[in-house]
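# Commentary on secondary and tertiary structure
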Amino acid sequence: MKKVLMSACLLGKRVRYDGGSLSVNDELIAGWISEGRIVSVCPEVEAGMSIPRKPAEIFEGSGSRVLDGEADVVEKDGGIVTDDFIAGASIALELCKKFNIEIAILAESSPSCGSSFIYDGRFSGNRIPGMGVTAALLRRNRIQVFSQHEIADANKAIHATSA
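Cut-offs used in this document
- Residues numbered from 1 in each chain as written.
- Predicted model: local features only at pLDDT ≥ 70, side-chain atom pairs only at ≥ 80, totals over all residues.
- Heavy atoms only, no water.
- Helix = DSSP H or I, 4+ residues; strand = E, 2+ residues; numbered from the N terminus.
- Buried < 20%, exposed > 50% of the residue type's maximum accessible area, 1.4 Å probe, protein only.
- Lys, Arg positive; Asp, Glu negative; His and termini not counted.
- Salt bridge = Lys/Arg side-chain N within 4 Å of Asp/Glu carboxyl O.
- Polar contact = N/O pair within 3.5 Å; in protein donor to acceptor, adjacent residues only side chain to side chain.
- Core = buried A, V, L, I, M, F, W, Y, C linked by side-chain atoms within 4.5 Å.
- Contact = heavy atoms within 4.5 Å.
- Axes fitted to C-alpha atoms, helices over the stretch in contact; angles between N-to-C directions.
- Parallel < 35°, antiparallel > 145°, perpendicular 65-115°, else oblique.
- Left-handed = near helix turned anticlockwise from the far one by under 90°.

Moving on to the side chain of E57. Among the structural elements, E57 can be located in strand 3 (residues 56-59). Buried within the structure, E57 lacks any salt-bridge partner; K76 is the closest side chain of opposite charge, at an N-O distance of 7.7 Å. Of the polar contacts made by the side chain of E57, one reaches the backbone nitrogen of R122; its length is 3.3 Å.

Given below as structure tokens:
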């Protein structure tokens, strides 16, 4: 059975920067949980960041630029937490390798997990096209990344790769 990496916050775990979660109530996810298919991760917490923690955004770039050393992940007060985000992404990738995971469902807009959109790095609330650090690293390693808004698509991919 193919396992799926999933953002812990989407599973109701209170690991977000503000101590909250982004619980997704979906029958497909409930089925995956009952099958033992889900591997839960919060890259930021895995890297040792606290709950709660200061809001962070990628400044002038996206996850790929962070991985290439061309952009930083910056806290709202100006602290640079790039190394923590890269460490968390690396831990997520190691989980994928350990469990032969080919599909991940990650929280959209997060500087770690955003797969289509992230915030613009100015703490303005504006989203821009782009990926977070973890999503970018997983995609570089040929892992399919979906957001919580693409559960049906992820399910199709799971069953396409399960054959």
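Looking now at the nonpolar core. Soluble globular proteins tend to pack their nonpolar side chains together in the buried interior. In terms of nonpolar packing, the biggest core is built from 47 residues, with L5, W32, V73, I105 and L138 touching the most fellow members. Once you skip the residues sitting within four places of it in the chain, I105 turns out to touch V4, L5, M6, S7, L10, W32, F146, S147, Q148, I151 and A154.

Interaxial distance between helix 4 (residues 82-98) and helix 5 (residues 133-140) falls to 8 Å at its minimum, and their mutual angle equals 40 degrees. Compared by their axis directions, helix 4 and helix 5 come out oblique. The chirality of how helix 4 crosses helix 5 is right-handed. Seen from helix 4, the contacting residues are F85, I86, G88, A89, S90, A92, L93 and C96; seen from helix 5, they are V133, T134, L137 and L138.

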